[in-house]
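Listed below, chain by chain, are the residues.
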Amino acid sequence: MAESSGEFALIDWIRRNSARQPQVETGIGDDAAVLRFDSGRTIVTADMLMDGVHFRLSESTPESVGRKCLAVNLSDVAAMAGQPTAAFLCLALPRTGGAPLAERLYDGMKPLAEQFNVEIAGGDTNIWDGPLVVSVTILGEPAGVEPILRSGAHPGDWLLVTGSLGGSLSGRHLTFTPRVQEAMALARSASLHAMIDLSDGLASDLRHILRESQVGALIDANTIPISDDVDPALSPAEQLHHALTDGEDFELLLTLSPEQGAALLQNPPVEARLTKIGTISAEQRCLMVDFDGETVELPSGGWEHRFGSTEPDDSPPSRGDTE
Ligand SMILES: [Mg+2]
């Protein structure tokens, strides 16, 4: 695909505006970027977000959309306890207003990129008759600790979650700070067994850990930290449902031994709230002790991709992970 003069201008503009990172030997503007990772390993994650599905340009500023597109990727690097380094930004721009839109998207990403020492090191820009599509790929490296996988949970482990859950769509899904620093601090302070970032909702994302680790879990409804963004006028059960299923919390869910868990809670290495919400079990079921003290199957209801749906999309945007 031939590069348009608009694309050259955007590349120049990004090159002038993006903070450089030492690991990026050759950044944006050549045929490919060249990176040097001293740790010898690379963490890679990609996410594609589409207008009308994951955000609505009619309801959000391009800057907040751009910020979110970078933030969700940073959250996936955080879930590995990794240090992000370079981002690659691919845009399918609508034919009308594409160039200023691209600059505003990038303006929204820039402060977050600088906050987390990430260089915009390349990408691609095309124009089409469809709506805005933004794909971000991030490369990073282990931050002095082994990458924390979904597959490492052991029976007996404690389940801990950062922050509080639910109600993200009232605004937090656009403004959240990815838990990059918290993940690294937690992984350096304790031997984490498994970790995931909560993108689809606790009830759904917990199952990813259980499936990959071939274990089960028992969580306690009374301990789930419910965000202030959840309508306090709702019943406790309704509030809990939001906390379990709303998605886009971008908090960390992690498992570790009870000894390490108790030590972390006693002496937390992060300012973020840290809550024990349950334990990992050998039996491969996902259970919850409800408000009545009864043990029930945890209702999943986390967001799923709805491929092929012909229904008009008037529900909140759903999103999933690159797995
Ligand atoms: Mg994730």
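S.K.: When you look at the nonpolar core in this model, what are you seeing that I'm missing?
M.R.: Side chains of nonpolar character tend, in soluble globular proteins, to be buried together. Counting residues in hydrophobic clusters, the biggest one holds 57 residues, and the most contacted among them are Leu 70, Val 134, Val 136 and Leu 192. If you tally residues by element for this core, the top one is helix 2 (residues 62-79), at 8 residues. A domain-level breakdown of this core finds at least three residues from each of domain 1 (5-142) and domain 2 (150-297). Those residues in contact with Val 134 that lie beyond four places of it in its chain are Asp 47, Met 48, Leu 49, Cys 69, Leu 89, Cys 90, Leu 91, Leu 105 and Met 109. Core analysis: the second largest hydrophobic core is formed by 26 residues, Ile 224, Ile 277, Ile 280 and Leu 298 among them.

S.K.: Would you mind going over the environment of Val 65 with me for this structure?
M.R.: Considering the arrangement of structural elements, one finds Val 65 in helix 2. Note on Val 65: relative accessible area 1%, which makes it buried. Put simply, Val 65 and Ser 75 are 10 residues apart on the chain and 15 Å apart in space, counted from C-alpha to C-alpha. With sequence-adjacent residues up to four places away left out, Val 65 is seen in contact with Phe 55, Leu 57, Ser 60 and Leu 105.

S.K.: When you look at the pairing of strand 7 (residues 158-162) in this model, what are you seeing that I'm missing?
M.R.: Two faces, one strand: in a regular strand the side chains alternate between the faces of the sheet. Counting buried positions along strand 7 yields 5 of 5 residues, so the element is predominantly enclosed. Residues Trp 158, Leu 160 and Thr 162 line one face of strand 7 and the alternating positions Leu 159 and Val 161 line the opposite face, and both faces are buried. Bridge count for strand 7 against strand 10 (residues 252-256) is 4 bridges, and the pairing is antiparallel. Bridge pairing in strand 10 links Val 161 to Leu 253. In this structure, strand 7 lies alongside strand 11 (residues 274-281), joined through 5 bridges in antiparallel fashion. When the sheet's bridge partners are listed, Leu 160 is paired in strand 11 with Lys 276.

S.K.: Just to check I follow, could you spell out the domain arrangement of the protein for this structure?
M.R.: Note: interface size is frequently given as the accessible area lost on complex formation between the parts. Each assigned domain of the protein is listed here: domain 1 (5-142) and domain 2 (150-297). For domain 1 and domain 2, the distance between their C-alpha centroids amounts to 28 Å. In this assembly, domain 1 packs against domain 2 so that about 1500 Å² is buried in total across both faces, 63% of it on carbon and sulfur atoms. Counting every contact that joins domain 1 to domain 2 gives 1 salt bridge. Across the salt bridge formed by Lys 68 and Glu 248, the nearest N and O atoms sit 2.5 Å from each other. One can count 6 residue pairs in polar contact (both at pLDDT 80 or more) joining domain 1 with domain 2. Of the residues forming the side of domain 1 that touches domain 2, the biggest block, 10 residues, is contributed by helix 2. Partitioning the side of domain 1 that touches domain 2 into residue classes produces 9 nonpolar, 6 polar and 3 charged.

S.K.: When you look at the sheet that holds strand 13 (residues 295-297) in this model, what are you seeing that I'm missing?
M.R.: Hydrogen bonds between backbone groups are what pair the strands of a sheet, and the pairing can be parallel or antiparallel. Taken together, the 7 strands give an open sheet; going across it, the order is 8-10-7-11-9-12-13, and neighbouring strands pair in mixed fashion. Looking at strand neighbours, the two that pair on one side only are strand 8 (192-197) and strand 13, the edges of this open sheet. The mean inter-strand angle of the sheet, taken between neighbouring strand axes irrespective of direction, is 30°. Sheet analysis places strand 9 (residues 216-220) next to strand 12 (residues 286-289), joined by 4 bridges and oriented parallel. Along strand 12, the bridge assignment pairs Ile 219 with Met 288. Contacting strand 8 and strand 10, helix 2 runs over the sheet at an angle of about 170° to strand 8. Most of the contacts of helix 5 (residues 180-189) go to strand 10, to which it runs at about 5°, and overall it touches strand 7, strand 8, strand 10 and strand 11.

About the thresholds
Residues numbered from 1 in each chain as written. Predicted model: local features only at pLDDT ≥ 70, side-chain atom pairs only at ≥ 80, totals over all residues. Heavy atoms only, no water. Core = buried A, V, L, I, M, F, W, Y, C linked by side-chain atoms within 4.5 Å. Buried < 20%, exposed > 50% of the residue type's maximum accessible area, 1.4 Å probe, protein only. Helix = DSSP H or I, 4+ residues; strand = E, 2+ residues; numbered from the N terminus. Domains from an automatic or database assignment. Contact = heavy atoms within 4.5 Å. Pairing = 2+ DSSP bridges. Buried area = accessible area lost by both parts, 1.4 Å probe. Salt bridge = Lys/Arg side-chain N within 4 Å of Asp/Glu carboxyl O. Polar contact = N/O pair within 3.5 Å; in protein donor to acceptor, adjacent residues only side chain to side chain. Nonpolar A, V, L, I, M, F, W, Y, C, P; charged D, E, K, R; others polar. Axes fitted to C-alpha atoms, helices over the stretch in contact; angles between N-to-C directions.

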